[in-house]
Amino acid sequence: MSTQLAAVRGMNDVLAGQMPAWQHLEQVTRTLFAEYGFQEMRVPIVEHTQLFKRAIGEFTDIVEKEMYTFSMSADESLTLRPEATAGIARAAITNGLLRGARLKLWTSGPMFRHERPQKGRYRQFHQIDIEALGFPGPDVDAEIIAMTARMWRRLGITRVKLKLNSLGTTESRRVYREKLVAYFQQHADVLDEDSRRRLGGNPLRILDSKNPAMQAVISGAPLLTEHLDPESREHFEGLTAMLAASNIDYVLDPRLVRGLDYYSRTVFEWVTDALGAQDAVCSGGRYDGLITQLGGEATPAVGFAMGVERIVELMQQTGATFAAPSPQVYVVIAGSRAGRAALALVERLRDELPGIAFETNAGGGNFKAQFRRADRSGAPLALVLGDDELERGVAQLKPMRQEGVQIEVPLAELAGRIPALLKSLQG
Ligand code: HAM
């Protein structure tokens with residue numbers, strides 16, 4: 001066995017250099033969600049396996065083959081969350097948050113699915129997730145979609161389009177499902193093995209198949225949109241009218257069925273042509289029956305989740321660059337007494353100048369090496385503290401980039417001089 005450590009396949013490190021883009025996305029969404037009245041909450045990464053089976057559905061790919069399930073004792077099966085909706089619905093029930101309340105919540109964090117890894121598809125990936133609980137009408141569906149449209153604008157992302165469909169109610173879907181099964185049974189000879197298996201459990205997913213040999217049969221299949229119940233039709237028309245009135249473009253996709261079973265009525269997906277096969281960047285829909293199905297009081301709900309890795313990739317493709325902020329003052333130290341005094345001095349400056357970022361040279365090095373580091377750090381200003389300056393109670397302030405003159409400043413006056421100097425250098 002190799003002694004070399006390796007990362008787990010499909011699970012990625014997010015290195016420091018990538019974090020500024022992640023943080024930008026996090027900050028844009030955090031601000032946006034607050035502007036629309038959503039509050040952050042967090043749920044555990046691990047839940048009882050049964051929760052995901054009941055919420056996502058026994059015959060979905062996620063539950064059938066992608067869950068990281070383990071047990072710590074004979075009677076406890078636990079699963080790493082493959083998504084956040086089930087956990088939030090569970091938390092709303094177990095914390096007694098519902099009782100007719102309206103909740104607008106968001107969360108974010110890692111999700112786990114044992115899929116075949118490829119570009120844009122990972123086994124640990126990150127979602128930012130929104131859930132609105134207690135809202136029956138299409139107004140909130142339209143509002144969260146409008147919010148995502150605004151998010152793309154703020155992120156400078158243009159290569160996305162919105163696909164929209166309605167799955168009707170559980171009842172109208174049951175009727176449709178029977179029609180669909182009858183249709184596919186007539187064409188069973190064309191179905192691949194996967195689809196034949198789905199015929200019994202989840203025939204709607206056959207519509208999602210990418211198998212070229214089945215496309216003709218799929219395009220002849222009855223459409224769910226033709227079998228919607230009147231209320232679902234009205235709900236959907238309400239949604240599309242509000243989107244049109246807000247100038248939000250969408251494409252009706254009667255074959256959009258989604259890979260989780262809890263949906264009813266609205267489903268949507270923002271897709272892109274810029275990422276290859278893994279084209280969904282933000283997807284969700286309404287799940288009016290889920291909370292009752294999990295044992296809570298009837299609560300209509302709608303939400304979506306977006307794939308952080310995929311959106312960060314899109315942000316980078318816009319040509320935008322993201323960098324960690326540089327320190328503002330790099331502290332260069334000459335001499336051993338200065339080295340011992342530096343920490344206390346810089347800590348005092350940090351007390352006096354909150355918000356200004358100081359990086360003190362650590363790990364020694366001669367003057368030249370320290371200035372090289374100061375230069376690389378991107379700091380506009382160096383503070384030079386040497387043994388003999390210390391003796392005289394002064395330090396040097398040296399502009400790093402512009403042609404500025406080095407000035408000698410009494411230690412007690414540093415806090416008064418640094419802000420103005422930085423402003424003149426950065427302004
Ligand atoms: P989902 O479509 O399974 O929905 O995932 C949402 C988003 O997560 C996808 O559009 C995609 O961007 C990202 N994603 C999914 N799987 C992977 C993966 N293996 N690697 C990278 N990114 C991935 C849900 O999870 C629902 N809980 C959304 C929802 C919330 N519906 C209602 N509320």
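Residues numbered from 1 in each chain as written. Predicted model: local features only at pLDDT ≥ 70, side-chain atom pairs only at ≥ 80, totals over all residues. Heavy atoms only, no water.

Caption draft 1: Representation of the overall build of the protein chain within the structure. A count of helical and extended segments in the protein chain gives 15 helices and 16 strands. Relative to the 2.2 N^0.38 estimate, which gives 22 Å for 427 residues, the radius of gyration of the protein chain is 28 Å and therefore markedly larger than a compact globule would have. Across the protein chain, every contact between residues at least 6 apart in sequence was considered, and the portion connecting residues at least 24 apart equals 70%. Of the roughly 20,900 Å² of accessible surface on the protein chain, a fraction of 52% belongs to carbon and sulfur atoms. (Helix = DSSP H or I, 4+ residues; strand = E, 2+ residues; numbered from the N terminus. Rg over C-alpha atoms; globule rule 2.2 N^0.38 Å. Contact = heavy atoms within 4.5 Å. Areas by Shrake-Rupley, 256 points an atom, 1.4 Å probe, with all protein chains shown as cover.)

Caption draft 2: Expanded view of the pattern of salt bridges. All chains considered together, the criterion is met by 25 salt bridges. Of the charged contacts in the structure, one is a salt bridge between D194 and R197, with a shortest N-O distance of 2.8 Å. Highlighted residues: D194 and R197, both in helix α7 (residues 193-201), separated by 3 residues, approximately one helical turn. D194 sits in the partly exposed class, given a relative accessible area of 32%. Of the charged contacts, one joins E347 and R350 as a salt bridge, the two residues approaching to 3.0 Å between their closest N and O atoms. Of the two residues, E347 and R350 both sit in helix α12 (residues 336-352), 3 residues apart, roughly one turn of that helix. On the basis of relative accessible area, E347 is assigned to the partly exposed category, the value being 37%. Take R350: its relative accessible area is 32%, and that puts it in the partly exposed class. (Salt bridge = Lys/Arg side-chain N within 4 Å of Asp/Glu carboxyl O. Buried < 20%, exposed > 50% of the residue type's maximum accessible area, 1.4 Å probe, protein only.)

Caption draft 3: Structural context of the sheet that holds strand β14 (residues 381-386). On the basis of which strands lie adjacent, the open sheet formed by 5 strands has the order β13-β12-β14-β15-β16 and mixed pairing. Every interior strand has two partners, whereas the edge strands, β13 (358-360) and β16 (407-410), have only one. Taken pair by pair, the neighbouring strands of this sheet meet at an average axis angle of 30°, ignoring direction. In terms of strand pairing, strand β12 (residues 329-334) meets β13 through 3 bridges, oriented parallel. Across the sheet, residue V329 finds its bridge partner in β13, namely F358. (Pairing = 2+ DSSP bridges. Axes fitted to C-alpha atoms, helices over the stretch in contact; angles between N-to-C directions.)

Caption draft 4: Looking closely at the nonpolar core. Judged by nonpolar contacts, the single largest core of 45 residues is most densely connected at I56, L133, L180, F184, L207, Y262 and L290. Sorting the residues of this core by element identifies α2 (49-56), α3 (61-66), α4 (85-94), β5 (103-112), α6 (170-186), α8 (215-219) and α10 (290-293) as the ones contributing at least two each. Excluding anything up to four places from it in sequence, Y262 contacts A55, I56, E83, T85, R286, Y287 and L290. Within the second largest apolar cluster, 44 residues are counted, among which are L25, V28, L243 and F304. (Core = buried A, V, L, I, M, F, W, Y, C linked by side-chain atoms within 4.5 Å.)

Caption draft 5: Highlighting the side chain of D288. Relative to the helices and strands, D288 resides in the loop between β10 (280-286) and α10. Within polar-contact distance, the side chain of D288 engages the backbone nitrogen of A301 at 3.2 Å. Leaving out residues up to four positions away in the same chain, D288 has contacts with S264, R265, T299, P300 and A301. (Polar contact = N/O pair within 3.5 Å; in protein donor to acceptor, adjacent residues only side chain to side chain.)

Caption draft 6: Inspection of the site of the ligand at higher detail. Taken together, 27 residues surround the ligand, and among them E83, T85, E115, Y263 and S283 come closest. The side chain of R258 places a nitrogen or oxygen atom 2.9 Å from an oxygen atom of the ligand. Out of a free accessible area of 660 Å², the ligand has 96% covered by protein chains. Those elements giving two or more residues to the shell around the ligand turn out to be β6 (124-133), β10 and β11 (301-307). At 6 residues, the largest contribution of residues to the shell around the ligand is made by β10. Of the residues belonging to the shell around the ligand, the class tally is 11 nonpolar, 8 polar and 8 charged. (Near = heavy atom within 4 Å. Nonpolar A, V, L, I, M, F, W, Y, C, P; charged D, E, K, R; others polar.)

Caption draft 7: Fine view of the side chain of R310. Take R310: it is sitting in helix α11 (residues 308-317). The charged side chain of R310 is buried without a salt bridge, its nearest counter-charge being E115 at 5.8 Å. Not counting residues up to four positions away in its chain, the partners in contact with R310 are G120, R121, L275, Q278, A280 and V281. (Lys, Arg positive; Asp, Glu negative; His and termini not counted.)

Caption draft 8: Focus on the domain arrangement of the protein chain. Split into domains, the protein chain comes out as domain 1 (19-169 + 229-317) and domain 2 (329-422). One C-alpha centre belongs to domain 1, the other to domain 2; they are set 49 Å apart. (Domains from an automatic or database assignment.)

Caption draft 9: Representation of the sheet that holds β10 in the model. Reading across the sheet, the 8 strands line up as β1-β5-β6-β11-β10-β9-β7-β8 and stay open at both edges, with mixed pairing between neighbours. Of all strands in the sheet, those with a lone pairing partner are β1 (39-40) and β8 (251-252), marking the two edges. Sheet analysis places strand β7 (residues 160-166) next to strand β9 (residues 266-272), joined by 7 bridges and oriented antiparallel. In the sheet register, K163 faces β9, and the bridge partner there is E269.

Caption draft 10: Fine view of a nonpolar patch on the surface. On the surface, I45, V46, F70 and M72 cluster together into a nonpolar patch covering about 340 Å² of accessible area. Checked against the element boundaries, V46 lands in strand β2 (residues 46-48). (Patch = residues over 30% accessible without salt bridge, like charges linked within 9 Å, V, L, I, M, F, W, Y side chains within 5 Å.)

Caption draft 11: Quick peek at the packing of α12 against helix α15 (residues 414-426). Relative orientation of the contacting elements α12 and α15 amounts to 65°, with a least axis distance of 10 Å. Judged by the sense of rotation from one axis to the other, the crossing of α12 with α15 is right-handed. Residues L345, L349 and E352 of α12 touch α15, and the partners they reach there are L414, A415 and I418. Grouping the amino acids of the contact of α12 with α15 by side-chain chemistry returns 5 nonpolar, no polar and 1 charged. (Left-handed = near helix turned anticlockwise from the far one by under 90°.)

Caption draft 12: Examining the pairing of β14 more closely. Within β14, 6 of the 6 residues are buried, which leaves it mostly tucked inside the rest of the structure. On β14, burial covers both faces: L381, L383 and L385 on one face and A382, V384 and G386 on the other are all buried. Bridge count for β12 against β14 is 6 bridges, and the pairing is parallel. Bridge pairing links V332 to V384 in β14.

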